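Structural overview for review
Spelled out from the first residue to the last, the chains are:
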Amino acid sequence: MKFNEKQEQAVNEFIMKYNSDEEFRNEVQDLYDNEIGRLSILQIYALEELLRYGNNGMFKRFLESKGESTEEAAVELVDGFRKLLDEDPSFKQYKMEQLKKYPDTLSDLEMFAFTLISRSQSEKVKMHKELTDELKYDPINPILFSTDYEIRETLENLLIGEFIHKLLELPAMKPAKVRQKEDGMIASVDKKDIIEQVRSVVCTPNSMCQFKSVIDNRYVEVKFALLAGKGASAFDQYIKFNTNISINEVFEIEKDDTADKMYEFIKNMVNKRKGPRQ
């Protein structure tokens, strides 16, 4: 690594103390395992690359984030950024607003610094609260199964949620993913865009045939589990995909509407895409 003299000295001193002081070594290992955001980049480098302790791969992620910057400059940028977050309330407020509303405008190294900080459980809770406190969220969809209608609706919500979770992994969806209150709890400001993207994929006759087939298969499986007395745990295989976006929102279905309303909605969507006949 191409560090400057001061940085190399810091690495060497850290390694010497780590190897000679058992209490210090135990403290550092505990920080790495539980509060890695409190360690410097150089300390993480020494642990992962030289002492071969830990497998979080954070230094590798640091190198991937530095772009054209030298290791020396990147270390200074990240450490300086973190110091300002700790010591300058105005800077922190500005960067938290940026992370909340326009995360794509942060540099890769700034995003890495936020990732590193959020790996510390105490900071993760604090930072996420600051990030989401001012946003509005609808509750997560309930898991209902008192009737066959409710079983199917719950399965439909979870299948839509499965697609939404995949959608949130796309680079373009990073702002929406960051703004989640918890996994699957989409900020109200992002719901319209996500629903439109779900519709663009799901609202075709062919996609709906596949959608219905998956629901039919899952319904048989879940219904059998419910009859065996498993209750809500009958949905355990799919519950990780739950969100606060429902099948009714995607297809603009009122609670008492029949399935015909869904197919009418899809037909209209298809006709819109085709446009008027010439």
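For the structure itself, consult the block above.
A brief structural summary. Computed from a predicted structure; not experimentally measured. Throughout, residues of each chain are indexed from 1 in the direction in which the sequence is written. The model is predicted, so local features are restricted to residues of pLDDT at least 70 and side-chain atom pairs to those at 80 or more, both for listing and for counting; the totals for chains, interfaces and linings are taken over all residues. No hydrogens and no water enter the side-chain calculation; it runs on all heavy atoms of the structure.

**Focus: helix 1 (residues 5–20)**
Helical segments are the DSSP runs of H or I of at least four residues, strand segments are the runs of E of at least two, and each set is numbered from the N terminus. To estimate the expected span of a helix, count its residues, drop one, and scale the result by 1.5 Å. End to end, helix 1 covers 23 Å across 16 residues, agreeing with the expected 22 Å (1.5 Å per residue, within 8%). Those residues of helix 1 not exposed but buried are Gln 7, Val 11, Phe 14, Ile 15 and Tyr 18. Projected down its long axis, helix 1 carries its buried residues within an arc of 95°, all on one side. Every exposed residue of helix 1 that faces more than 90 degrees away from the buried side is listed here: Glu 5, Lys 6, Met 16 and Ser 20. For helix 1, the secondary structure elements touched by its buried residues are helix 2 (22–34), helix 3 (41–50) and helix 5 (71–87). Here a polar contact means two N or O atoms within 3.5 Å. Within protein one must be a hydrogen donor candidate and the other an acceptor candidate, and residues neighboring in sequence count only if both atoms are side-chain atoms. Where helix 1 starts, the residue carrying a side-chain oxygen 3.2 Å from the main-chain nitrogen of Lys 6 turns out to be Asn 4. Three exposure classes are used, based on accessible area relative to the maximum for each residue type with a 1.4 Å probe and protein chains only: buried under 20%, partly exposed in between, and exposed over 50%. Directions drawn from the helix axis to the C-beta atoms are what define this arc. Only heavy atoms enter the contact rule, under which two residues are in contact if any of them lie within 4.5 Å.

**Quick notes on the packing of aromatic side chains**
Pairing of aromatic side chains here covers Phe, Tyr and the six-membered ring of Trp, requires ring centres within 6.5 Å, and sorts the geometry by plane angle: under 30 degrees stacked, over 60 edge-to-face, intermediate tilted. The final tally for this structure, using the stated rule, is 10 aromatic pairs. On the basis of an interplanar angle of 55° and a centroid distance of 5.8 Å, the ring pair of Phe 62 and Phe 112 is categorised as tilted. With Phe 62 in helix 4 (residues 58–65) and Phe 112 in helix 7 (residues 108–118), the pair connects residues that are 50 residues apart, well separated along the chain. When its relative accessible area of 3% is taken as the criterion, Phe 112 is described as buried. Between Phe 81 and Phe 114, the aromatic rings sit 5.5 Å apart at their centres with planes inclined by 85°, giving edge-to-face as the arrangement. With a gap of 33 residues between them, Phe 81 in helix 5 and Phe 114 in helix 7 connect regions that are remote in the sequence. An identical accessibility class is assigned to Phe 81 and Phe 114; each is buried. Within the aromatic cluster, the residues linked to one another by ring pairs are Phe 3, Tyr 45, Phe 59, Phe 62 and Phe 112. Note on geometry: a ring has a charge over it if NZ (lysine) or CZ (arginine) is within 6 Å of the ring centre and within 35 degrees of the ring normal. A cation over an aromatic ring shows up here: Arg 25 above the ring of Tyr 18, its NZ or CZ 6.0 Å from the ring centre. Positioned above the aromatic ring of Tyr 219 is the side chain of Arg 152, whose terminal nitrogen or guanidinium carbon lies 5.2 Å from the ring centre.

**Some details on the packing of helix 5 against helix 7**
Between N-to-C directions, angles span 0 to 180 degrees; the directions come from axes that are lines fitted to C-alpha atoms, helices contributing only their stretch in contact. Two numbers describe how helix 5 lies on helix 7: the axes approach to 10 Å, and their chain directions differ by 60°. Taken together, the axes of helix 5 and helix 7 are oblique relative to one another. The element helix 5 and its partner helix 7 pack so that their crossing is right-handed. Residues Ala 74, Leu 77, Val 78, Phe 81, Arg 82 and Leu 85 of helix 5 pack against Leu 109, Glu 110, Phe 112, Ala 113, Phe 114, Leu 116 and Ile 117 of helix 7. Residues are grouped as follows: Ala, Val, Leu, Ile, Met, Phe, Trp, Tyr, Cys and Pro are nonpolar; Asp, Glu, Lys and Arg are charged; all remaining types, including Gly, are polar. Within the contact of helix 5 with helix 7, the residues separate by chemical class into 11 nonpolar, no polar and 2 charged. Here the word oblique covers every angle except those under 35 degrees (roughly parallel), over 145 (roughly antiparallel) and from 65 to 115 (roughly perpendicular). Crossing chirality is assigned from the near helix's rotation relative to the far helix, an anticlockwise turn below a right angle marking it left-handed and a clockwise turn marking it right-handed.

**Brief notes about a negative patch on the surface**
Put simply, a patch holds well-exposed residues, over 30% relative accessible area, that have no salt bridge, with like charges counted together within 9 Å and Val, Leu, Ile, Met, Phe, Trp or Tyr side chains within 5 Å. In short, Shrake-Rupley with a 1.4 Å probe defines the accessible areas, and a residue's cover is counted only from the protein chains shown. Within this document, salt bridges are pairs made up of a side-chain nitrogen of Lys or Arg and a carboxyl oxygen of Asp or Glu, the two lying within 4 Å of each other. Think of it this way: Lys and Arg go in the positive column, Asp and Glu in the negative one, and His and the chain ends go nowhere. One atom stands in for each charge, and that atom is NZ of Lys, CZ of Arg, CG of Asp or CD of Glu. Negative charge collects at one region of the surface, where Glu 22, Glu 23, Glu 27, Asp 30 and Asp 33 lie side by side. You can see Glu 27 is positioned in helix 2. Since its relative accessible area comes to 48%, Glu 27 is described here as partly exposed.

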